[in-house]
Amino acid sequence: MPKGYVVTRVDILDPEAYAKYAAAATKAIADHGGKALARGGRHEALEGKARARNVVLEFDSYDAARRYFYSEQYQAARALRQGAAEMEMVLVEGS
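Residues numbered from 1 in each chain as written. Predicted model: local features only at pLDDT ≥ 70, side-chain atom pairs only at ≥ 80, totals over all residues. Heavy atoms only, no water.

Asker: Before we move on, can you summarise the overall build of the protein chain with the specific residues and values?
Answerer: On a plain count of helices and strands, the protein chain comes out with three helices and four strands. The linear arrangement of helices and strands in the protein chain, starting from the amino end, is β-α-β-β-α-α-β. Rg of the C-alpha trace for the protein chain: 13 Å, near the compact-globule value of 12 Å for 95 residues, within the 12% margin. In the protein chain, of all internal contacts separated by at least 6 residues, the share reaching a separation of at least 24 is 77%. Carbon and sulfur atoms make up 51% of the accessible area of the protein chain, which totals about 6,100 Å². Averaging the positions of the 14 positive and the 13 negative side-chain charges in the protein chain gives two centres separated by 2 Å. (Helix = DSSP H or I, 4+ residues; strand = E, 2+ residues; numbered from the N terminus. Rg over C-alpha atoms; globule rule 2.2 N^0.38 Å. Contact = heavy atoms within 4.5 Å. Areas by Shrake-Rupley, 256 points an atom, 1.4 Å probe, with all protein chains shown as cover. Lys, Arg positive; Asp, Glu negative; His and termini not counted. Charge placed at Lys NZ, Arg CZ, Asp CG, Glu CD.)

Asker: Could you give me a rundown of the environment of N54, with the residues and numbers involved?
Answerer: Relative to the elements of secondary structure, N54 occurs in strand β3 (residues 53-59). The class of N54 is partly exposed, set by a relative accessible area of 22%. Setting aside residues up to four positions removed in sequence, N54 forms contacts with T8, R9, A38, R39, G40 and H43. (Buried < 20%, exposed > 50% of the residue type's maximum accessible area, 1.4 Å probe, protein only.)

Listed below in structure tokens is the structure:
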């Protein structure tokens, strides 16, 4: 079964509020069987606009990643992030 990946690009506006979100989101990721393949670190824009922070999460399947995102636990973490960051997040099925 193909894995599921959540790819996030972030510009943090309020580091203190974002840290609260990150702590809660990290717990939700672990509780849903996900693991971070990339979180922050060195990067460069090859095409288009870069964001300051990039995250790649891996889950056992597309559906598992989707369940994580729509879980009450992650949605509560997400509420902590309001106004703390600008971001894009996509769910991708592996091949």
